[in-house]
Amino acid sequence: MRLTKLSLRHFRNYDTCDLSFDEGIHLFVGPNAQGKTNLLEAIAYLSTTRSHRTQNDRDLIQEGQEAFVIKAIVTKGRKLIEERLSLSAQGKNLFLNRTAIKRVSDFIGEMNAVLFCPDDMALFQASPRVRRRFIDMELSKLSKAYTRTLSEAARLLKERNACLKQEQVNEAYLQVVSERLIAAEVIIIRQRQHFLQDLLEHCRSFYANLSHDDTSLSFHYHCCVNYSEDEEQLKEQLRLKYEKARMRDQLLKQTTVGIHKEDFMFLINEKEVCSYASQGQKRSVLLALKIGMVAMIHSLIHEYPVLLLDDVFSELDEQRRYKLLASLPANVQIFITTTELADIPIVAGRKYSVWKVKQGQVTLAEELKEDESHG
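Residues numbered from 1 in each chain as written. Predicted model: local features only at pLDDT ≥ 70, side-chain atom pairs only at ≥ 80, totals over all residues. Heavy atoms only, no water.

Student: Outline the pattern of salt bridges, listing residues and values.
Tutor: Taken as a whole and assessed by the stated rule, the structure comprises 29 salt bridges. Lys92 is paired through a salt bridge with Asp57; the nearest N and O atoms lie 3.1 Å apart. Here Lys92, found in strand S6 (residues 91-96), pairs with Asp57, found in the loop between helix H1 (36-48) and strand S4 (67-76); they are 35 residues apart in sequence, far enough to count as distant. Residues joined in a network through salt bridges with shared partners are Asp120, Glu138, Lys141 and Lys290. (Salt bridge = Lys/Arg side-chain N within 4 Å of Asp/Glu carboxyl O. Helix = DSSP H or I, 4+ residues; strand = E, 2+ residues; numbered from the N terminus.)

Okay, structure coming up:
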């Protein structure tokens, strides 16, 4: 998979921006606050229809404008896919090959991108909600069925909570909604478990390569029930959970058990990363998770996603910088932001394109060669 063209209109600090990309590594270079991260945000937004930096999509609209538009052409195998996404006060509009897309799940992942950014470092200390969002966003890019089921579960949870808020709870209706919610939750629980298992298998070797030590990486899924591959057993456990929590739910007027209360913990040597790992180890775990996602996506759809690395090299030593780029397959298209070109290692056989970014203007500056020195 390769991003061939990207066009922005009134997105963040970009009034108009039209770029064409080849394969290889693309470096967006410039001082801070010039728009480098905004470019990666736009690409990631096409992949997930969400921003990793704000909950309010209107923050993405250029000041003084009423809407933004992102357009892209993506090469997938021998196919070209044209994507268009716009946002205004009237809502979000999605198009694939100039055909309007009504369901977000049919748009997500058509241009698959994996993003690493400095804010990801807060993942381990953040609330369970942030970790659930991380897992859900990555899984949604792999499974349209998961995206639809997650939306269905959110709708049913909202209905159940509305029912619990009534002065006189309709017990029959509550039972029906609960049973439908349980059916959706079982699907989500199983997919979350399988996703984490697969991701761990794909990222372990990358972690060992980056960590420079003999620590082992694992995870613990704090599931709302005792996990089982047996769907009926999961359903029965959930029914018992809901029945046991019925009085508390009615007292608090909200659903107190279920997938919206789950958590995921990442472990080094069976100890939680958030309290045990150093900053360097946390960064290695995160990078391994992201690179593992790249490998996992390829194993499932036989196409590498686009990899977005925002300011990833500033806190890595020279050896880890080189190992990171050298560990990636040569046909992964990579976009990197940096303030210093000297931070970027040159890996044999890779093509590097340098883009200068200044005050919302992007220009192709040069191509780096394998024997070129950067200080």
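Student: Before we move on, could you go through the packing of helix H3 (residues 144-164) against helix H4 (residues 171-211) and cite the residues and values that matter?
Tutor: Contact pair H3 / H4: the axes reach a minimum separation of 9 Å and the direction vectors enclose 150°. Here H3 is positioned roughly antiparallel relative to H4, judged by the angle of their axes. Note on packing geometry: the crossing formed by H3 with H4 is left-handed. The segment H3 lies against H4, with Tyr146, Thr149, Leu150, Ala153, Leu156, Leu157, Glu159, Arg160, Cys163 and Leu164 engaging Tyr173, Leu174, Val177, Ser178, Arg180, Leu181, Ala184, Ile187, Ile188, Gln191 and Arg192. Split by residue class, the contact of H3 with H4 holds 14 nonpolar, three polar and four charged. (Axes fitted to C-alpha atoms, helices over the stretch in contact; angles between N-to-C directions. Parallel < 35°, antiparallel > 145°, perpendicular 65-115°, else oblique. Left-handed = near helix turned anticlockwise from the far one by under 90°. Contact = heavy atoms within 4.5 Å. Nonpolar A, V, L, I, M, F, W, Y, C, P; charged D, E, K, R; others polar.)

Student: Break down the environment of His202 for me, with residues and values.
Tutor: Its location among the elements puts His202 in helix H4. Residue classification places His202 among the partly exposed positions, given a relative accessible area of 24%. Sequence separation between His202 and Ser299 is 97 residues, and the spatial gap between their C-alpha atoms is 9.5 Å. Those residues within four positions of His202 in sequence are excluded, and the remaining contacts are Gly292, Ala295, Met296 and Ser299. (Buried < 20%, exposed > 50% of the residue type's maximum accessible area, 1.4 Å probe, protein only.)

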